[in-house]
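Listed below, chain by chain, are the residues.
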Amino acid sequence: MSTAPDVSVVVAVYNTMPYLTECLNSLIGQSIGLERLEIVAVDDGSTDDSGAELDRFAERYPNTVKVIHQANSGGPAAPSNRALDIATGRFVYFIGSDDHLGEEALERMVACADEHGSDVVVGKMVGTNGRYVHQALYKESNPDIRLTDSALPWTLANTKLFRRDLVEQYKLRFPENLPVGSDQPFTIEACVRAKKISVVADYTCYYAVKRGDASNITYRADHLARLRCTAEIMDFTAGLIEAGPERDAVLRRHFTWELAKLVQDDFPGLERELRRDICAGIARLADAYFTDGIRDAMDVKRRVRIALARAGAVDELCEAITSELEHGAPPFVVEGERAYARYPGFRDPRIGLPDRVYEVVEESVAGPLAQGTRLLVSAWEQEGDDIAYTVSLRLPVLGDVDGAVLRLVQGAMPKSADKPGGRRLPADHELPAVVGEFTTVPAEDGAAAVLRARIPLERSAVKLGVRAYVGLAGSTYEIPVRGKDLPMPLARRWGAYEDPYRVTATVNPKGRVVIATAPLYPPKRSLASRVRSALARRLKTRSAGSKPSGSPTSGSKRK
């Protein structure tokens, strides 16, 4: 090349065939053009055909693709550093050798950096084949964000565009002693040093692939290796950012993700000594960095697990994980405007954790509430010409639950409520007046409340969803009652003899109970009404059957 390229793409490679081919093709096919592109690929001692594939591309594109072969180093840090040493572009971009780029990715990111004077540009990334990629940062393009006041701490991979002058000015390199997460110190320091960070969110730049055999390095490291790497990353970050809200904004991610993943479902099955070592490592980091701000910003499930680990309450931690796996989330203890998740260790003087650890703070708990809500009884209560729907419902709440009610509501729940199974209502949401009689009593096992409701039905033709409403931590939750695989009362005739109605209780395709009422004998329509309907149907049929000039003919055949 006669002039320096705009961007050098660094590819650290170890045994990633056949994904490597798609990765390289996506780079060669970039709309930025080969004359503005340099690809520096380092084969880190691959034992499959990756090295040969790199050589094939280098032979075909000798002015664009540079290949280095080296003995295996055990991680992507060393090959990435080797590539940085010979990169010549104004910008440098990193890509995993099993991932690929959108065709316009580099052109758009370089244009963004040039337009706004950005030192770091983050292009929209999505996961494929079931790989999770946090999406909050990509809600909209933004020419100027900061590490500590955006969702950037949740997107710390090095798959970004970096101005190479910045990289060389601060001698940014990847720590080669970290088998996992070696890109985080590089990315964090670059973002701390950058004068401007931009986001390109209106185009999918990066496709992160989860291999079919889940052999990406992120998925292979053992518990203690991940703990050690996380500790080094957190200590490194603390050396860059002074204690306070800005440091908390970054380290919150590590408590919520990296450390919380060490005490998830597989933890109870680990050897006891290993469990103790993990808890001791978490305790050291929590003592140093687990501020009240980070604690309150975390969801209660992971916050409790971190706190139990910090307290060395290994047995209670195992019980919290196992119980939730087998029985679902624990009940909530409601005390006025406050609510607490009753995980093991709650108000246990032997452990001594403050109530705040177990408190529901701002987060929505619609999912756990819906998961623990169970229909016990669904029946009719008929007296004379009147009928009422009677329900007994188990609710995963204890304490001040007298305000819990049931409503029969017309209209569908929003789709956003499908996954959690319920929703937290906005503060300004208006609810219809409460109709019926309600009582709440403790369940026999002492782990829930039972809501008993009797709701009179009106004579009308309508379909109504059965929904529970529970007040918790200053919010009202709407939980549609599920009836899948549960017996429903038989359809019932009710009302006056001369004007009877029919009521049914069914379960809709989403598993929710629906009450429908309608006249048993709908009034006959007048002759004029029926004639008008017939004419309308005929006109509609003729309109659908007529075709504009030049339209393709139907493929049907006359028999």
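Check the entry above for the structure.
Remember, it's a predicted structure, so these values are computed and weren't measured experimentally.

Asks: Any chance you could explain the overall build of the chain here in plain terms?
Replies: Summing up its helical and strand segments, the chain has 15 helices and 23 strands in all. Over its C-alpha atoms the chain spans a radius of gyration of 31 Å, topping by over 25% the 24 Å that the globule rule assigns to 559 residues. Principal-axis analysis of the C-alpha atoms gives the chain an extent of 95 × 85 × 40 Å. Buried residues in the chain amount to 50% of all 559 residues. Contacts in the chain between residues at least 24 apart in sequence constitute 74% of all its contacts with a sequence separation of at least 6. Counting every atom, the chain has about 27,800 Å² of accessible surface; 49% of that belongs to carbon and sulfur. The distance from the centre of the 74 positive side-chain charges to the centre of the 75 negative ones in the chain is 10 Å.

Asks: What am I meant to see in the pattern of salt bridges here?
Replies: Here the idea is simple: oppositely charged side chains can pair when their charged atoms come close. Following the criterion strictly, the structure yields 38 salt bridges and no others. The partner of Asp-119 in a salt bridge is Arg-163, with the nearest N and O atoms 3.2 Å apart. Of this pair, Asp-119 sits in the loop between α4 (105-116) and β6 (120-128) while Arg-163 sits in strand β8 (residues 161-163), placing them 44 residues apart in sequence. In this structure, Asp-119 and Arg-163 share a single accessibility class: buried. Connected through salt bridges with shared partners, the residues Asp-292, Arg-295, Asp-296, Arg-338, Arg-356 and Glu-359 form a single ionic network.

Asks: How do you make sense of the sheet that holds strand β13 (residues 386-395) when you look at a structure like this?
Replies: In any sheet, the strands associate via hydrogen bonds between backbone groups, in a parallel or an antiparallel arrangement. Spatially, 4 strands are ordered β12-β13-β18-β17 in an open sheet, and the strand pairing comes out antiparallel. The strands lining the two open edges of the sheet, one partner per strand, are β12 (374-383) and β17 (437-442). Averaged over neighbouring strand pairs, the angle between their axes works out to 15° when direction is ignored. Relative to strand β18 (residues 449-456), β13 runs antiparallel, the two being bridged by 8 bridges. Each residue of the ladder has a partner; that of Ser-392, found in β18, is Arg-452.

Asks: Looking at this structure, I do not really get the pairing of strand β22 (residues 499-507). What am I missing?
Replies: Each regular strand carries side chains that alternate between the two faces of the sheet. Direction of pairing for strand β21 (residues 492-496) relative to β22: antiparallel, over a ladder of 5 bridges. Note that in β22 the partner of Trp-494 across the bridge is Tyr-501. Hairpin geometry of β21 and β22 is characterised by an intervening segment of 2 residues between the two adjacent antiparallel strands. In terms of strand pairing, β22 meets strand β23 (residues 513-519) through 7 bridges, oriented antiparallel. The residue of β23 that forms the bridge with Ala-505 is Ile-515.

Asks: Which parts of the structure should I look at to understand α4?
Replies: Given 3.6 residues per helical turn, the α-helix brings residues three or four places apart onto the same face. Along its 12 residues, α4 runs 17 Å from first to last C-alpha, staying within 8% of the 16 Å computed at 1.5 Å per residue. Turning to α4, its buried residues are Ala-105, Leu-106, Met-109, Val-110, Cys-112 and Ala-113. Buried residues of α4, viewed axially, fall in a sector of 155°; they line one side. Note on α4: the residue one or two positions beyond its end, Gly-117, has a positive phi of about 70°.

Asks: Is there a simple way to think about unusual backbone geometry in this case?
Replies: Trans is the common state for peptide bonds, and a negative phi is the common state for residues other than glycine. Following Met-17, the chain continues to Pro-18 via a peptide bond in cis, the omega torsion being 5°. Along the polypeptide, Pro-18 turns up in the loop between β1 (7-13) and α1 (19-28).

Asks: What should I look at first to understand the nonpolar core in this one?
Replies: Within soluble globular proteins, side chains that are nonpolar tend to cluster in buried spots. If you look at the biggest cluster of nonpolar residues, it comprises 82 residues, and the most contacted ones within it are Phe-255, Phe-267, Val-397, Leu-472 and Ile-515. Apart from the residues within four sequence positions on either side, Leu-472 is in contact with Phe-332, Val-334, Ala-339, Val-360, Val-365, Leu-369, Val-397 and Tyr-477. Counting residues in hydrophobic clusters, the runner-up holds 76 residues, among them Val-42, Val-110, Val-133 and Leu-178.

Asks: Would you mind going over the side chain of Ser-198 with me for this structure?
Replies: Position of Ser-198 relative to the elements: it lies in strand β9 (residues 197-209). Among the polar contacts listed, one links the side chain of Ser-198 to the backbone oxygen of Pro-143, at a separation of 2.5 Å. When sequence neighbours within four positions are dropped, the list of residues in contact with Ser-198 reads Cys-112, His-116, Ser-118, Val-120, Val-121, Val-122, Asn-142, Pro-143 and Asp-144.

Asks: What exactly am I supposed to notice about helix α12 (residues 314-327) here?
Replies: For α12, which comprises 14 residues, the first-to-last C-alpha distance of 20 Å matches the rise-based estimate of 20 Å (1.5 Å per residue) to within 8%. Regarding α12, the residues found buried are Val-314, Glu-316, Leu-317, Cys-318, Ala-320, Ile-321 and Glu-324. Buried positions along α12 lie against α9 (272-289) and α11 (300-310). One or two residues past the end of α12 sits Gly-328, with phi positive at roughly 90°.

Asks: Please explain the packing of aromatic side chains as it appears in this structure.
Replies: Geometry of an aromatic ring pair is reported as the spacing of the ring centres plus the angle between the planes. Under the counting rule described, the total for this entry stands at 13 aromatic pairs. One Lys or Arg, Arg-347, reaches over the ring of Tyr-340 and ends 5.2 Å from the middle of that ring. Taking the ring centre of Tyr-469 as reference, the NZ or CZ of Arg-407 above it sits at 4.8 Å.

Rules behind the numbers
- Residues numbered from 1 in each chain as written.
- Predicted model: local features only at pLDDT ≥ 70, side-chain atom pairs only at ≥ 80, totals over all residues.
- Heavy atoms only, no water.
- Helix = DSSP H or I, 4+ residues; strand = E, 2+ residues; numbered from the N terminus.
- Rg over C-alpha atoms; globule rule 2.2 N^0.38 Å.
- Buried < 20%, exposed > 50% of the residue type's maximum accessible area, 1.4 Å probe, protein only.
- Contact = heavy atoms within 4.5 Å.
- Areas by Shrake-Rupley, 256 points an atom, 1.4 Å probe, with all protein chains shown as cover.
- Lys, Arg positive; Asp, Glu negative; His and termini not counted.
- Charge placed at Lys NZ, Arg CZ, Asp CG, Glu CD.
- Salt bridge = Lys/Arg side-chain N within 4 Å of Asp/Glu carboxyl O.
- Pairing = 2+ DSSP bridges.
- Axes fitted to C-alpha atoms, helices over the stretch in contact; angles between N-to-C directions.
- Expected span 1.5 Å × (residues − 1).
- Arc of directions from axis to C-beta.
- Core = buried A, V, L, I, M, F, W, Y, C linked by side-chain atoms within 4.5 Å.
- Polar contact = N/O pair within 3.5 Å; in protein donor to acceptor, adjacent residues only side chain to side chain.
- Phe/Tyr/Trp six-rings, centres within 6.5 Å; stacked < 30°, edge-to-face > 60°.
- Lys NZ or Arg CZ within 6 Å of the ring centre and 35° of its normal.

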